[in-house]
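# Structure assessment
Spelled out, the chains give:
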Amino acid sequence: MDIDWVGSVRLFLHVISATVWVGGQLVLAGLVPVLRAKDPALPKAAANAFNRIAWPAYWVLVATGIWNVAAEQAEAPTGWNAVLAVKVALVALSGVAAFLHTRARTTTGLAVWGALSGFAAIAAVYVGILLAG
Ligand code: HEM
């Protein structure tokens, strides 16, 4: 069996970073009500701690994503570039919405930007699996 070691490390870094960015947002959303009930200041402290690992994971995703494109585009099937364009748009939306969520000063702003970041990240996972084929 011919193992693509470099390719497996590339995808491993991409997928493990996706578990932090996407899975982390979902887990945090589930924890916030419990934390808030214990101490109204806890959700912000937990979110700040999450941001310290989430943003490095986001940039590893972007870097390994570009590496994925470099590795896969040449042999990609018809329509792959169009799917990739949707993926990049979702990733940009997820990042910008997450940034605006950290800057939001109203409960509505927090909720809308937070939800948009999460949904765009989840959609990016699905489109990523489409790209991987
Ligand atoms: C929120 C950010 C992102 C998430 C959650 C994400 C998630 C994923 C997932 C789950 C896969 C499937 C892996 C597999 O099935 O083996 C994947 C594959 C892929 N992603 Fe991403 N990704 C993100 C950002 C990016 C970016 C920014 C790019 C391009 C610039 C990109 C390009 C790709 C490509 C080309 C593949 C296919 C890899 C292959 O066939 O080997 N991704 N992504």
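In the block above lies the structure referred to throughout.
Residues numbered from 1 in each chain as written. Predicted model: local features only at pLDDT ≥ 70, side-chain atom pairs only at ≥ 80, totals over all residues. Heavy atoms only, no water.

### Focus on the coordination of the iron atom of the ligand
To keep it simple, the criterion reads: In this analysis a donor is any N, O or S atom within 2.8 Å of a metal ion (3.2 Å for sodium, potassium and calcium), and since water is not included, sites may seem incomplete. Under this scheme a four-donor centre is tetrahedral when all angles range from 85 to 135 degrees, a four-donor centre is square planar and a six-donor centre octahedral when opposite donors are above 155 degrees with the rest from 65 to 115, and any other centre is irregular. Runs of E in the DSSP output that reach at least two residues are strands. Runs of H or I that reach at least four are helices, and both are numbered from the N terminus. Residue burial is assigned from relative accessible area. The probe radius is 1.4 Å, only protein chains are included, and a residue is buried under 20% of its type maximum, exposed over 50%, and partly exposed in between.
Summarising the metal site, the iron atom of the ligand is bound by the protein donors His 14 (NE2) and Lys 87 (NZ), whose distances to it range over 1.8 to 2.0 Å. Here the iron atom of the ligand binds six donor atoms, and the angle range of 87 to 178 degrees at the metal identifies the geometry as octahedral. Placement of the pair is His 14 in helix H1 (residues 5-38) and Lys 87 in helix H3 (residues 80-103), with a sequence separation of 73 residues. When sorted by exposure, His 14 lands in the same class as Lys 87, which is buried.

### A few points about H3
The criterion, for reference: One less than the number of residues in a helix, times 1.5 Å, gives the span that helix is expected to have.
The end-to-end C-alpha separation of H3 is 35 Å, in line with the 34 Å expected for 24 residues at 1.5 Å each. For H3, the complete set of buried residues consists of Trp 80, Leu 84, Lys 87, Leu 90, Ser 94, Gly 95, Ala 97 and Ala 98.

### As for the packing of aromatic side chains
Worth spelling out the cut-off: Pairs were defined over the aromatic rings of Phe, Tyr and Trp, the Trp ring being its six-membered one, requiring ring centres within 6.5 Å. Orientation was assigned from the angle between planes: stacked under 30 degrees, edge-to-face over 60, tilted for the rest.
For the structure on display, the rule yields four aromatic pairs. Members of the aromatic cluster, joined through ring pairs, are Trp 21, Trp 55, Tyr 58 and Trp 59.

### Thoughts on the packing of H1 against H3
Worth spelling out the cut-off: Geometry is summarised by axes, namely lines fitted to C-alpha atoms with helices restricted to the contacting stretch, and by angles between N-to-C directions that run from 0 to 180 degrees. Here is the rule for angles: anything less than 35 degrees is roughly parallel, anything more than 145 is roughly antiparallel, 65 through 115 is roughly perpendicular, and the remaining ranges are oblique. Should the near helix be turned anticlockwise from the far one by less than a right angle, the crossing is left-handed, and should it be turned clockwise, the crossing is right-handed. Here, two residues are considered to be in contact whenever any of their heavy atoms come within 4.5 Å of each other. Any residue outside Ala, Val, Leu, Ile, Met, Phe, Trp, Tyr, Cys, Pro, Asp, Glu, Lys and Arg is labelled polar, Gly included; the first ten of those are nonpolar and the last four are charged.
Where H1 meets H3, the axes come as close as 13 Å, and the angle between the chain directions of the two elements is 45 degrees. Classed by the angle they form, the pair H1 and H3 counts as oblique. Both H1 and H3 take part in a crossing whose hand is left-handed. Residues His 14, Trp 21 and Gln 25 of H1 lie in contact with H3, whose contacting residues are Lys 87, Ser 94, Gly 95 and Ala 98. Grouping the amino acids of the contact of H1 with H3 by side-chain chemistry returns two nonpolar, four polar and one charged.

### A short note on the side chain of Asn 68
Here is the rule: Whenever two N or O atoms come within 3.5 Å, that pair is a polar contact, provided that in protein one can donate a hydrogen and the other can accept it, and provided that, for residues adjacent in sequence, both atoms are side-chain atoms.
Looking at the element boundaries, Asn 68 is found in helix H2 (residues 42-72). On the basis of relative accessible area, Asn 68 is assigned to the buried category, the value being 12%. A polar contact of 2.6 Å, which involves the side chain of Asn 68, links it to the side chain of Arg 10. Aside from chain neighbours lying at most four places away, what touches Asn 68 is Arg 10, Leu 11, His 14 and Gln 73.

### Quick look at the site of the ligand
What counts here: Nearness is defined per residue: one heavy atom within 4 Å of the molecule or strand is enough.
Lining the immediate surroundings of the ligand are 22 residues, of which His 14, Gly 65, Glu 72, Lys 87 and Ala 132 lie closest. The contact in question runs from a nitrogen atom of the ligand to an N or O atom on the side chain of Asn 68, over 3.5 Å. Here Lys 87 contributes a side-chain N or O atom positioned 2.7 Å from a nitrogen atom of the ligand. The set of elements that each furnish at least two residues to the shell around the ligand consists of H1, H2, H3 and helix H4 (107-132). Of the residues belonging to the shell around the ligand, the class tally is 15 nonpolar, four polar and three charged.

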